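Residue-level structure breakdown
So you can see what is in the structure, the chains are spelled out below.
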Amino acid sequence: MSRREIREQIFKILFRVEFHEREDMPEQLQLFMEELGQEENKDTRYIQEKYGNILERIGELDAMVNQVAQGWKTSRMGKADLAIIRLAVYEMKFEEDVPEGVAINEAVELAKSYGTDDSPSFVNGVLAKLV
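This write-up is about the structure you can find in this document. Remember, it's a predicted structure, so these values are computed and weren't measured experimentally.

1. Digging into the nonpolar core
Soluble globular proteins: nonpolar side chains tend toward being buried together. If you look at the biggest cluster of nonpolar residues, it comprises 43 residues, and the most contacted ones within it are Leu14, Tyr51, Ile85, Val89 and Leu127. Sorting the residues of this core by element identifies helix H1 (3-16), helix H2 (25-36), helix H3 (42-56), helix H4 (58-68), helix H5 (79-94), helix H6 (100-114) and helix H7 (119-128) as the ones contributing at least two each. At 10 residues, the largest contribution of residues to this core is made by H5. Setting aside residues no more than four positions away along its own chain, Val89 makes contact with Leu61, Met64, Val65, Phe94, Leu127 and Leu130.

2. Description of the packing of H2 against H3
Relative orientation of the contacting elements H2 and H3 amounts to 150 degrees, with a least axis distance of 12 Å. With respect to their mutual orientation, H2 and H3 come out roughly antiparallel. Crossing hand, H2 versus H3: right-handed. Together, Met25, Leu29, Met33 and Leu36 of H2 and Thr44, Ile47, Gln48, Tyr51 and Leu55 of H3 make up the contact between the two elements. Classifying every residue of the contact of H2 with H3 gives 7 nonpolar, 2 polar and no charged.

Thresholds applied
Note on numbering: residues in each chain are counted from 1, in written sequence order. With pLDDT at 70 or above as the cut-off, local features in this predicted model cover only qualifying residues; side-chain atom pairs require 80 or more to be listed or tallied, and sums for whole chains, interfaces and linings still use all residues. Side-chain calculation: all heavy atoms of the structure are included, whereas hydrogens and water are not. Among buried residues, those of type Ala, Val, Leu, Ile, Met, Phe, Trp, Tyr and Cys that are joined through side-chain atoms within 4.5 Å constitute a nonpolar core. Using a 1.4 Å probe on the protein chains alone, a residue whose accessible area is under 20% of its type maximum counts as buried, one over 50% counts as exposed, and one in between counts as partly exposed. Runs of H or I in DSSP of at least four residues are treated as helices and runs of E of at least two as strands, each being numbered from the N terminus. Contacts are assigned to residue pairs with any non-hydrogen atoms lying within 4.5 Å of each other. Each axis is a line fitted through C-alpha atoms, taken for helices only over the stretch in contact, and angles between the N-to-C directions span 0 to 180 degrees. For classification purposes, angles smaller than 35 degrees are called roughly parallel, those larger than 145 roughly antiparallel, those between 65 and 115 roughly perpendicular, and all remaining angles oblique. Crossing chirality is assigned from the near helix's rotation relative to the far helix, an anticlockwise turn below a right angle marking it left-handed and a clockwise turn marking it right-handed. Residue polarity is assigned by list, with Asp, Glu, Lys and Arg as charged and Ala, Val, Leu, Ile, Met, Phe, Trp, Tyr, Cys and Pro as nonpolar; anything else, Gly included, falls into the polar class.

Below is the structure:
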């Protein structure tokens, strides 16, 4: 899988967080991996590891976003936008091998595919304030 495809898969499992209780997420991850239909390999292990790291830091990520998203607390954001923003903020703040510009660009591309017409500019605006 390409890095873009891996990022998209991580977004998809993060999106589920908004619809399930925290204690249900291990089962949701297992179901997601089964739906992905790939044998365990370095990509699937990376997806699981990165998802777990993001899940552990959701409170911290949301706090960062809430500080800069004027008039848009995470509780009011669209679920797809929120998952995309969480993924990008994690990459920007906790992954040294992902340049901030790349994280923002990839988030905007995900927003174009999975968000509303306003999502790309919204996601870009929130993330730009965190640079």
